[in-house]
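# Structural features, examined
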Amino acid sequence: MTTRSHSRSKNLVLKILLPLVFLGLTAVFAILIFSFMGEPEKKEVTKIVPRVEVISIVEETLQLTVISQGTVQARTETALTAEVSGVVEFVSPKLFAGSFFKKGDLLLEIDKIEYEAALANAKGMQASAKLAYAQEEALSEQAQLDWKEMGRGQPSDLVLRKPQLEKAAADIESAKAAVALAERNLSKTKVVAPYDGRVQSKFVDIGQVVSARMTQLAQVYSVDVAEVRLPVSANDAGRIDLPELYRDGKSDVEPSRVVLSSETGNNVWSWEGVLDRTEGVINPNTRQLFLIAQVKDPYAKSDEGKPPLKVGQFVTAEVQGRSIGKGFVIPRSTLKPGNLVYVIDVFDRLQITPVTVAQAGVDEVLVTEGLKPNDRICTTQLGIA
């Protein structure tokens, strides 16, 4: 029993002393480490300042613009129709889809034999009518002489052959009109171009029988002027000096400049024109007004290789609007939500500046108030300002 008690006491002492010895050694080791370490080096805190790009703005006269889109169409488009019946004898090489022609060019000819015969017959009838009138005139004069020699009282018109003479004169007028009609029909066997234009499509060819005022020969359009219908909202219409027409047919404003643009392949081409008129009617469904822009000589050859402005082509139009005085044009990317702009002052500090926006486009913003000439605008996109 004594041996077991002594062993237990020894184990208890070891359990208590060993942790105390370990803690003591750890403390001594820590003291020795800190005693050999020097003081930590002091470093200054460096501010991280982002680099930004700026642009200097210049005051200028601001011009409002309105963007719209439309399809090019010819100012004059005509469905050529046969005015006389017959067989097509000749079709000009200029009467094929895509061909150009000039005013007065012969485009198509119809067999004219019947119409030449009709003209000859009408001229014969006219000659007969003139002969009959001359005979009746001589008979009327003879009747007047006979009545003076043998008659008594006042002769009747029938005795003096006045009705017969009037009929003979009417026959001459009728024959004259028949000749004019025959000459017209003969001339209509030749279909000539009514203006300088281009063929959109052709519907007849040599040997085909056409009917008067029923058979369409071709669809053509003029090439002197191209037009584009441009829809604008009531708000956009208020930014333009509209060329309104009045009952006297005159407008009280100068035509506004219009630039039409279209992308062909990898190139964007533009054509300059003017705002000619408004249609004068507001669409009751969309509440939009249609403006008519015109481009003169759209098929003229360009020295810079620009393609012609074709009928049916879809274009974007930039219409010149009203002048609103002095202001600034800044990139759209520099305008922040709430109409705010980041301005860098003379101390290179960023100032969040509210501005008055007259018009905000896709690429540019017109500012009338809030900025000064030579202000530096921050163009760098900052996450936090």
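All values derive from a computational prediction rather than experimental measurement.

Moving on: the packing of aromatic side chains. Aromatic rings considered in pairs are described by the distance between their centres and by the relative angle of their planes. In this structure the tally under the stated criterion is 1 aromatic pair. Measuring from ring centre to ring centre gives 5.5 Å for Phe100 and Tyr299, while their planes differ by 70°; the resulting arrangement is edge-to-face. Of the two residues, Phe100 sits in strand β5 (residues 100-101) while Tyr299 sits in the loop between β14 (289-296) and β15 (314-331), which places them 199 residues apart along the sequence. Taking the relative accessible area as the measure of exposure, Phe100 reaches 41% and is therefore partly exposed. The exposure class of Tyr299 is buried, given its relative accessible area of 15%. The cationic tip of Arg229 hangs over the ring face of Phe290; the distance from NZ or CZ to the ring centre is 3.9 Å.

The antiparallel open sheet is built from 4 strands, whose spatial order is β3-β10-β8-β5. Each edge of the open sheet carries a strand with a single partner, namely β3 (77-81) and β5. With 2 bridges connecting them, β5 and strand β8 (residues 197-202) associate as antiparallel partners. Residue Phe100 lies in a different strand from β8, and its bridge partner there is Arg198.

A few words on the environment of Ser270. Take Ser270: it is sitting in strand β13 (residues 267-282). Linking Ser270 and Leu309, residues 39 residues apart in sequence, is a C-alpha distance of 9.1 Å. For Ser270, the residues in contact, after removing those within four places along its chain, are Val259, Leu260, Ser261 and Lys306.

Of note in the backbone geometry, Arg213 takes a positive phi value of approximately 60° without being a glycine. As for its position among the elements, Arg213 is in the loop between β9 (209-210) and β10 (216-222). Overall, the relative accessible area of 59% leaves Arg213 in the exposed class. Here Asp297, not a glycine, exhibits a phi torsion of approximately 45°, which is positive. If you trace the backbone, Asp297 turns up in the loop between β14 and β15.

At their nearest, the axes of helix α2 (residues 113-150) and helix α3 (residues 162-187) sit 8 Å apart, and the two run at 165° to each other. With respect to each other, α2 and α3 are oriented roughly antiparallel. Considering how the two elements wind past one another, α2 and α3 form a crossing that is left-handed.

With that settled, consider the pairing of β10. Buried residues dominate β10, accounting for 6 of its 7 residues. Where β3 lies against β10, 5 bridges are found, and the strand directions are antiparallel. If you follow Thr78 over to β10, its bridge partner there is Val220. With 5 bridges connecting them, β8 and β10 associate as antiparallel partners. Bridge pairing in β10 links Val199 to Val220.

Scoring rules and cut-offs
Residues numbered from 1 in each chain as written. Predicted model: local features only at pLDDT ≥ 70, side-chain atom pairs only at ≥ 80, totals over all residues. Heavy atoms only, no water. Phe/Tyr/Trp six-rings, centres within 6.5 Å; stacked < 30°, edge-to-face > 60°. Helix = DSSP H or I, 4+ residues; strand = E, 2+ residues; numbered from the N terminus. Buried < 20%, exposed > 50% of the residue type's maximum accessible area, 1.4 Å probe, protein only. Lys NZ or Arg CZ within 6 Å of the ring centre and 35° of its normal. Pairing = 2+ DSSP bridges. Contact = heavy atoms within 4.5 Å. Axes fitted to C-alpha atoms, helices over the stretch in contact; angles between N-to-C directions. Parallel < 35°, antiparallel > 145°, perpendicular 65-115°, else oblique. Left-handed = near helix turned anticlockwise from the far one by under 90°.

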